Amino acid sequence: MNTLVHSSLPRRALFSNASDAAGYQLYSTALSIIVVTVLGFSATQVGLLNALGTLSFLFLVVPIGALVDRIGAPRILVLSLALKTTLALATLLLVVFGLLNTATAMAVVTVMGVAVVASENAQVAVTPMLVGAKDRIADLVARMTAADRVAGVVAPAAAGALLALGSAAVPLALALALFVLALLPAASLLGLRTGSSTAEGAGSDTEPEASSTQDARRAAPPAVRGASLGHGFVVLFQDRTLLATTLLVMAGNIGLAIGDSVESILVLRFLDLGVLFYGVLGTIAALSGLAAAAVAPRIVRALPVRTIFGVGAVVQSAVAALPLLALLVPSTGYVVMGAFSALWSITLTITNIAGGAYAAAAVDPASLGRTAAARRMLTMGAVPIAALGGGVLADLAGMIAPLIVWPAVTIAAALLFLLLGRRERRVGGGAL
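Analysis parameters
Residues numbered from 1 in each chain as written. Predicted model: local features only at pLDDT ≥ 70, side-chain atom pairs only at ≥ 80, totals over all residues. Heavy atoms only, no water. Salt bridge = Lys/Arg side-chain N within 4 Å of Asp/Glu carboxyl O. Helix = DSSP H or I, 4+ residues; strand = E, 2+ residues; numbered from the N terminus. Buried < 20%, exposed > 50% of the residue type's maximum accessible area, 1.4 Å probe, protein only. Patch = residues over 30% accessible without salt bridge, like charges linked within 9 Å, V, L, I, M, F, W, Y side chains within 5 Å. Areas by Shrake-Rupley, 256 points an atom, 1.4 Å probe, with all protein chains shown as cover. Axes fitted to C-alpha atoms, helices over the stretch in contact; angles between N-to-C directions. Parallel < 35°, antiparallel > 145°, perpendicular 65-115°, else oblique. Left-handed = near helix turned anticlockwise from the far one by under 90°. Contact = heavy atoms within 4.5 Å. Nonpolar A, V, L, I, M, F, W, Y, C, P; charged D, E, K, R; others polar.

Draft legend 1. The arrangement of the pattern of salt bridges in detail. Tallied over the entire structure, the rule returns 1 salt bridge. Between K84 and D20 there is a salt bridge; the shortest N-O distance is 2.9 Å. Residue K84 is located in helix α4 (residues 73-96), and its partner D20 is located in helix α1 (residues 8-37); the two are separated by 64 residues in the primary sequence. For the pair formed by K84 and D20, the shared burial category is buried.

Draft legend 2. Quick peek at a nonpolar patch on the surface. Together, L89, L93, V96, F97 and L99 make up an exposed nonpolar region whose accessible area comes to about 490 Å². By secondary structure assignment, the location of L89 is in helix α4. Accessibility expressed as a relative area gives 39% for L89, which makes it partly exposed.

Draft legend 3. Just unusual backbone geometry, in detail. With a phi close to 50 degrees, D272 is a non-glycine residue in the positive phi region. Among the structural elements, D272 can be located in the loop between α11 (240-270) and α12 (275-302). Owing to a relative accessible area of 57%, D272 belongs among the exposed residues under this scheme.

Draft legend 4. Local environment of the packing of α11 against helix α13 (residues 305-319). Look at α11 against α13: their axes get within 11 Å of each other, and the N-to-C directions meet at 15 degrees. Viewed along their axes, α11 and α13 adopt a mutual orientation that is roughly parallel. With respect to the hand of their crossing, α11 and α13 are arranged in left-handed fashion. Residues R240, T241, A244, T245, L248, V249 and G252 of α11 form the contact with α13, whose own contacting residues are V305, R306, F309, A313 and Q316. Classifying every residue of the contact of α11 with α13 by side-chain character gives 6 nonpolar, 4 polar and 2 charged.

Below is the structure:
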């Protein structure tokens, strides 16, 4: 193994990832509550806010992915965390001095979206650099996901509790501190180079044993070299399993974006479940995701990636209907919304780990930044429109309208994936 891959580097990366996740969850939860309860945002304004926060996935994710491959994932990770730290400080000062309004909230969320795109892409691309063999990628992806979930256990509930006590500045200050803590260990990864571990590890360690990574070896196309912005799409479309899972996630994210634009208003206004419970929902999701992350590597080894995504698509379709049930039967609000947060998190955690492990194993490390960017552009590109549309739909047709559209979209996504899977079996003779 390359001497640059020191045994402590994965631990530093995990700590940075956990601190970043906790800081962002504190920041986003606090801001979501502030804009609804203090600034009085309508559903359309919440939808626009969510749209601006994800706009970078449509316009900047591919150039950022190319930049990651060109100058290195560790550098982009450090720069993105520095930007998050700066934005958290700016938001804190705006709140303290009473300058946070509709325009400034939209501005900081838009720029924070750029930082999120950059850090997520860099974290994906840096993963193969931290392990000695491809069969360890799923374990590291699961550990990083678990770190996210551990961080999320306390952060959302803490934000809700602090805001319930009337302090908007404290959770933002904590988010700022956590971003600083994420930045420091990330700086120690600057010596890593693309392929520093996997290139040698693949020659000295055993081949991947997981069913999903066996799929990857069968389906992975020859390495496609090149510096063009479309390079990641070429790699993506050459691997039909990777493409099918990407399209499923894309359709699911459209439904989720519609729901996200109205969930805070549903919980805080229509169901009147309180600021504290809104924060607790994030903790429920984190605990559930942590449990899912613990078993996900075994699932990834035992089942083909298509089976994991197929079951996940069906479950996700049913879970998406729970917010609609809560609206129709308000007395069940606490139980139904709690169940929704748990089940949604479990499903997404397992499928995300499976998809991330498959992509990292199937794609040449030198192309991983651009391929991850292409995937994120497809999966997140429609989110800004869906987020804004969900808010507008709620204001024009009532809260029930987007809550009907949400499960409808996820059902369509499940059917699309199952049809693609059947077509792939006919074309490829069952290889995938």
